[in-house]
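Topology and contacts: notes
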Amino acid sequence: MNAKFYDELAQDYHLLFADWHASMERQGAWLGDFIRVEWPITVSVLDAACGIGTQALPLAALGYRVTASDISRGAVARAAGEAKIRDLALATKVADLRALSEVHGTFDLVLACDNALPHLLSDVEISGALSECRACVRPGGGVLFSMRDYDAPGSGTEIHGYGVRALPDGRAILFQVWDWDGPHYDLAFYVLKERAGRPLETRVHRARYYALPPARVLELMKAAGFENVRRVDGFVQPVLVGTRPA
């Protein structure tokens, strides 16, 4: 996983969303409703790829006891700062998704959203992370992942635009360039900031992804020992869920 990528992106990550605050509210409401039905006795939540807190913050606001964890110190620091601004109780730790049990105990629910799993570049690495998530879930508890809906790997170069975002003193233009390499792609995430009377500011954040389809992740979840494994749509990305046998 690429800690440097998210360390550098932490201060701009909210710009991926047209309105990050509104998106957090919608995501928190969806997750809260789903958790209450799927795992109704959930109290403690480990957000194992918390980023800047897009899911952890609204879940904490709903009353869950949330621990926000990420491989990126910069992202964790941003999440902690955002929690302080909102007067939310949010425990934070730095941990690799592939070694969660070395840092964390057990929780009612472990989640990792926003396409975290495809940062792991092989089925072996993903299987290891899933086993670590299982080790951090109490018997009868659940796991929840969200990821891009990859189908077949692409080829050549693709450009994915995020549009224009307003800044207090200008605007930001965001887009990604994907260069395909078999089932992997190298991503260059461009953030261009225009401000009156100042030179154009250009930042490029780079990472590599493994474009495995959600169906393959479901197979790996079953192999890792989860039951009632399935895909659920209706969230911002496909959601993959499973329960650790009681």
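For the structure, see preceding data.
My aim in this report is to walk through the structure given alongside it, one point at a time.

Conventions and cut-offs
- The residue numbers shown here count from 1 along each chain, following its written sequence.
- Only residues with pLDDT of at least 70 get local features here, since the model is predicted, and only at 80 or more are side-chain atom pairs given and counted; chain-wide, interface and lining totals rely on the full set of residues.
- Note: side-chain values were computed over all heavy atoms of the structure, leaving out hydrogens and water.
- Per-residue accessibility, obtained with a 1.4 Å probe over protein chains only, is compared with the maximum for each type, and a residue is labelled buried under 20%, exposed over 50%, and partly exposed between these values.
- What counts as a helix is a DSSP run of H or I of at least four residues, what counts as a strand is a run of E of at least two, and both are numbered from the N terminus.
- By arc we mean the arc of the directions from the helix axis to the C-beta atoms, nothing more.
- Working rule for contacts: check all heavy atoms of both residues, and any pair within 4.5 Å makes them a contact.
- Comment: axis = line fitted to C-alpha atoms, over the contacting stretch for helices; angle = value between 0 and 180 degrees taken between N-to-C directions.
- Small angles under 35 degrees read as roughly parallel and large ones over 145 as roughly antiparallel, with 65 to 115 read as roughly perpendicular and the rest as oblique.
- Crossing chirality is assigned from the near helix's rotation relative to the far helix, an anticlockwise turn below a right angle marking it left-handed and a clockwise turn marking it right-handed.
- Side-chain classes follow a simple rule in which Ala, Val, Leu, Ile, Met, Phe, Trp, Tyr, Cys and Pro form the nonpolar group, Asp, Glu, Lys and Arg form the charged group, and the remainder, Gly included, forms the polar group.
- Any two strands are treated as partners once DSSP identifies two or more bridges connecting them.

Moving on, we come to helix H6 (residues 214-223). Each full turn of the α-helix corresponds to 3.6 residues, which orients residues three or four apart in the same direction. Among all positions of H6, only Pro214, Val217, Leu218, Leu220 and Met221 are buried. Taken around the axis of H6, the buried residues stretch over an arc of 165°, which confines them to a single face. Opposite the buried face of H6, at more than 90 degrees from it, the exposed residues are Lys222 and Ala223. The inward-facing, buried residues of H6 abut helix H5 (123-135), strand S5 (137-146), strand S10 (227-232) and strand S11 (239-243). Once H6 ends, the next one or two residues include Gly225, with phi positive near 105°.

A few words on the packing of H5 against H6. If you want to describe how two helices pack, look at the angle between their axes and the distance between the axes. The geometry of H5 relative to H6 is characterised by a closest axis approach of 9 Å and an angle of 50° between their N-to-C directions. Put simply, H5 runs oblique to H6. Considering how the two elements wind past one another, H5 and H6 form a crossing that is right-handed. The residues of H6 that touch H5, namely those facing Asp123, Ile126, Ser127 and Leu130, are Arg216, Val217, Leu220 and Met221. Here the contact of H5 with H6 is composed, by residue class, of five nonpolar, one polar and two charged.

In this structure, S10 lies alongside S11, joined through four bridges in antiparallel fashion. For Glu227, the partnering residue across the bridge sits in S11 and is Thr243. In this antiparallel pair of consecutive strands, S10 and S11, the connection spans six residues, and Gly234 shows a positive phi of 115°.

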